[in-house]
Amino acid sequence: MQTWVALVEAVDAEFQNLQELASLWGDISLELEDVDAELADTYALLGRYDFLVVFEAPDRETVFEVSTAAARHGLDMDTMEGVPIEEFGALVGE
């Protein structure tokens, strides 16, 4: 599985409190399992973005499904592929 990193904004979501917003990731995690993706880490951020999400998915099509699941919950994801530094070093060294 490949590692993916997403910066997330809560754009269309309506939440009663921060606890409700934080619990949203449990619901999304279940949806990710349905498409063979796995949520690895989630961080709340202070600044332009609301969350940093690290997840694993086998391919870009699955990443699209992850983004679609997040959008259903009112979240906008800016997703990038994460490359382990060891692999990156090997690529640069070639």
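Refer to the structure above for everything that follows.
Residues numbered from 1 in each chain as written. Predicted model: local features only at pLDDT ≥ 70, side-chain atom pairs only at ≥ 80, totals over all residues. Heavy atoms only, no water.

Caption draft 1: Geometry of the sheet that holds strand β4 (residues 75–82). Here we have 4 strands laid out as an open sheet, ordered β2-β3-β1-β4, and antiparallel in their pairing. This sheet does not close on itself; its edge strands, each paired only once, are β2 (38–44) and β4. Strand after strand, the sheet turns through a mean of 20° between neighbouring axes, direction not considered. Running at roughly 155° to β4, helix α2 (residues 60–72) makes contact with β1 (2–10), β3 (51–57) and β4 of the sheet. (Pairing = 2+ DSSP bridges. Helix = DSSP H or I, 4+ residues; strand = E, 2+ residues; numbered from the N terminus. Axes fitted to C-alpha atoms, helices over the stretch in contact; angles between N-to-C directions. Contact = heavy atoms within 4.5 Å.)

Caption draft 2: Inspection of the pattern of salt bridges at higher detail. Tallied over the entire structure, the rule returns 1 salt bridge. Among the ionic pairs, Arg72 bridges to Glu31, the shortest N-O distance being 2.7 Å. Within this pair, whereas Arg72 is found in helix α2, its partner Glu31 is found in helix α1 (residues 18–34), the two being separated by 41 residues in sequence. (Salt bridge = Lys/Arg side-chain N within 4 Å of Asp/Glu carboxyl O.)

Caption draft 3: Fine view of the pairing of β3. The buried fraction of β3 amounts to 5 of the 7 residues, a majority that puts the element mostly inside the structure. In this sheet, β3 lies alongside β1 in antiparallel orientation, the contact comprising 7 bridges. From the neighbouring strand, Thr3 faces β3, where its bridge partner is Glu56. In the sheet, β2 pairs with β3 via 6 bridges, with the strands oriented antiparallel. Pairing of Asp41 across the sheet is with Val54, part of β3. (Buried < 20%, exposed > 50% of the residue type's maximum accessible area, 1.4 Å probe, protein only.)

On their own, these measurements won't tell you what the molecule is for.
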